[in-house]
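Chain residues, written in single-letter form:
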Amino acid sequence: MIPNGEKESKAKRQRIGIFVDGLVIPPKEGINVHILELARDLALKRHKKVTLVIGDRGWANADYLAKEPFRTIIISSHLYYSYHAILHLVAECRFDVLQTHSPYYTVLLLGPLSQAKRIPLILEVHDIEADVARALGANQKEIKYQYSLQRQSMSYASLVRVMSKYDFEILYKSLPKNLSSKLVWVPLALKPMVIGSQII
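Residues numbered from 1 in each chain as written. Predicted model: local features only at pLDDT ≥ 70, side-chain atom pairs only at ≥ 80, totals over all residues. Heavy atoms only, no water.

## Notes on the packing of helix α4 (residues 83-93) against helix α5 (residues 103-117)
Going by this rule: Between N-to-C directions, angles span 0 to 180 degrees; the directions come from axes that are lines fitted to C-alpha atoms, helices contributing only their stretch in contact. Each helix is a run of DSSP H or I of at least 4 residues and each strand a run of E of at least 2, with the numbering of both proceeding from the N terminus. Small angles under 35 degrees read as roughly parallel and large ones over 145 as roughly antiparallel, with 65 to 115 read as roughly perpendicular and the rest as oblique. With the far helix as reference, a near helix turned anticlockwise by less than a right angle produces a left-handed crossing, and one turned clockwise produces a right-handed crossing. The criterion used for residue contact is that any of the two residues' heavy atoms lie within 4.5 Å. Three classes are used: nonpolar for Ala, Val, Leu, Ile, Met, Phe, Trp, Tyr, Cys and Pro, charged for Asp, Glu, Lys and Arg, and polar for all others, with Gly counted as polar.
The N-to-C vectors of α4 and α5 enclose an angle of 45 degrees; their axes lie 11 Å apart at closest approach. For the element pair α4 / α5, the angle class is oblique. Pair α4 / α5 crosses with right-handed handedness. Seen from α4, the contacting residues are Tyr83, Ile86, Leu87 and Val90; seen from α5, they are Tyr105, Leu109, Leu110, Pro112, Leu113, Ala116 and Lys117. When its residues are assigned to classes, the contact of α4 with α5 shows ten nonpolar, no polar and one charged.

In structure tokens, the structure reads:
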């Protein structure tokens, strides 16, 4: 665990746990840059306390992360995929909000945990997984699996943040109302641009 050295405010701060497997730090591309900047931006906001939980693949530089305004917990991949270990961690950190971008991790662990403990879950959608599988030449069984997995992951979420306007529009039109009503289009900026069908 890397403390951020930030003094506690007298006002209660919202405790946000961002979960990611195998983050590359210092970041070299896309998702790694985004996760780091998201954690940093949220941590610098008043009344936000951010913890980045990383499933260790040996790619995250702890010294680099120690300089950030959020705290980081780096755990083994074995513990990262252990329901009981993450349940204990979530309780210890007293998270008010959980976040991940992995449909698989959501369905396997974080979604059921968020429901059991009644903690809101934010799911980031970076791609339409079935379309990615199709573009990579996957067979129909795999494409259907990715389609089902992503929908199931959304069912656990309180809010689904879609990064691309193109993906947002496709998902909003194709998903049933109980899922499409959760969609928010927020690109790299943190301010929501579209909620439901309304541009703001």
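## Some points on helix α1 (residues 30-43)
Condition: Each helix should span, by expectation, one fewer than its residue count multiplied by 1.5 Å. Three exposure classes are used, based on accessible area relative to the maximum for each residue type with a 1.4 Å probe and protein chains only: buried under 20%, partly exposed in between, and exposed over 50%.
Taking 1.5 Å per residue, 14 residues should reach 20 Å; α1 reaches 20 Å between its end C-alpha atoms and fits that length. Buried residues of α1: Asn32, His34, Ile35, Leu36, Leu38, Ala39, Leu42 and Ala43, and no others. For α1, the elements touching its buried residues are β1 (14-21), β2 (48-56), α2 (62-65), β4 (97-100), β5 (121-125) and β6 (159-162).

## Brief notes about the pairing of β2
Operational definition: Strands qualify as paired when DSSP identifies two bridges or more between them. Crossovers are marked right-handed if the path from the first strand over the helix to the second runs clockwise, as seen with the strands pointing away from the viewer.
Across eight bridges, β1 lies against β2 in parallel orientation. Note on β2: the bridge partner recorded for Phe19 is Val53. As a crossover connection, the stretch from β1 through α1 into β2 is right-handed. Pairing analysis gives six bridges linking β2 to strand β3 (residues 71-76), with the strands arranged parallel. Note on β3: the bridge partner recorded for Gly55 is Ile75.

## A closer look at a nonpolar patch on the surface
Put simply, the test is: Nonpolar side chains (Val, Leu, Ile, Met, Phe, Trp, Tyr) are joined into patches within 5 Å and like charges within 9 Å, using only residues with over 30% relative accessible area and no salt bridge. A 1.4 Å probe and the Shrake-Rupley method give the accessible areas. Residues count as covered only by the protein chains that appear here. One speaks of a salt bridge when a side-chain nitrogen belonging to Lys or Arg is within 4 Å of a carboxyl oxygen belonging to Asp or Glu.
On the surface, Tyr104, Leu108 and Tyr145 cluster together into a nonpolar patch covering about 290 Å² of accessible area. Along the chain, Tyr104 falls in helix α5.

## What about the environment of Phe168?
The residue Phe168 is located in helix α8 (residues 165-174) in this model. Overall, Phe168 belongs to the buried group, its relative accessible area being 5%.

## Observations regarding the packing of aromatic side chains
The way to describe two aromatic rings as a pair is by their centre distance and the angle between their planes. We apply this condition: Put simply, two rings from Phe, Tyr or Trp (the six-membered ring, in Trp's case) pair if the centres are within 6.5 Å, and we call them stacked under 30 degrees between planes, edge-to-face over 60, tilted for the rest.
Considering all chains together, one arrives at seven aromatic pairs under this definition. On the numbers, 5.4 Å between centres and 90 degrees between planes, the contact of Tyr81 with Tyr105 is edge-to-face. Pair noted here: Tyr81 is in the loop between α3 (77-80) and α4 and Tyr105 is in helix α5, with a separation of 24 residues, a long-range link. A ring pair is formed by Phe168 and Tyr172, whose centres lie 5.8 Å apart and whose planes are at 15 degrees; its orientation type is stacked. One end of the pair, Phe168, and the other, Tyr172, are both in helix α8, four residues apart, so they sit about a helical turn from each other. A network of ring pairs unites the aromatic residues Phe19, Tyr80, Tyr81, Phe95, Tyr104 and Tyr105 as a single cluster.

## Things to note about the side chain of Thr51
Inclusion rule: Under the rule applied, a polar contact is a pair of N or O atoms within 3.5 Å (in protein, one hydrogen donor and one hydrogen acceptor; residues adjacent in sequence only if both atoms are side-chain atoms).
Locating Thr51 in the fold gives a position in strand β2. Judged by relative accessible area, which is 1%, Thr51 ranks as buried. Of the polar contacts made by the side chain of Thr51, one reaches the side chain of Arg71; its length is 2.7 Å. Apart from residues no more than four positions distant in its own chain, Thr51 is found in contact with Ile16, Gly17, Ile18, Arg71, Ile73 and Phe95.

The analysis is restricted to geometry; functional conclusions fall outside its scope.
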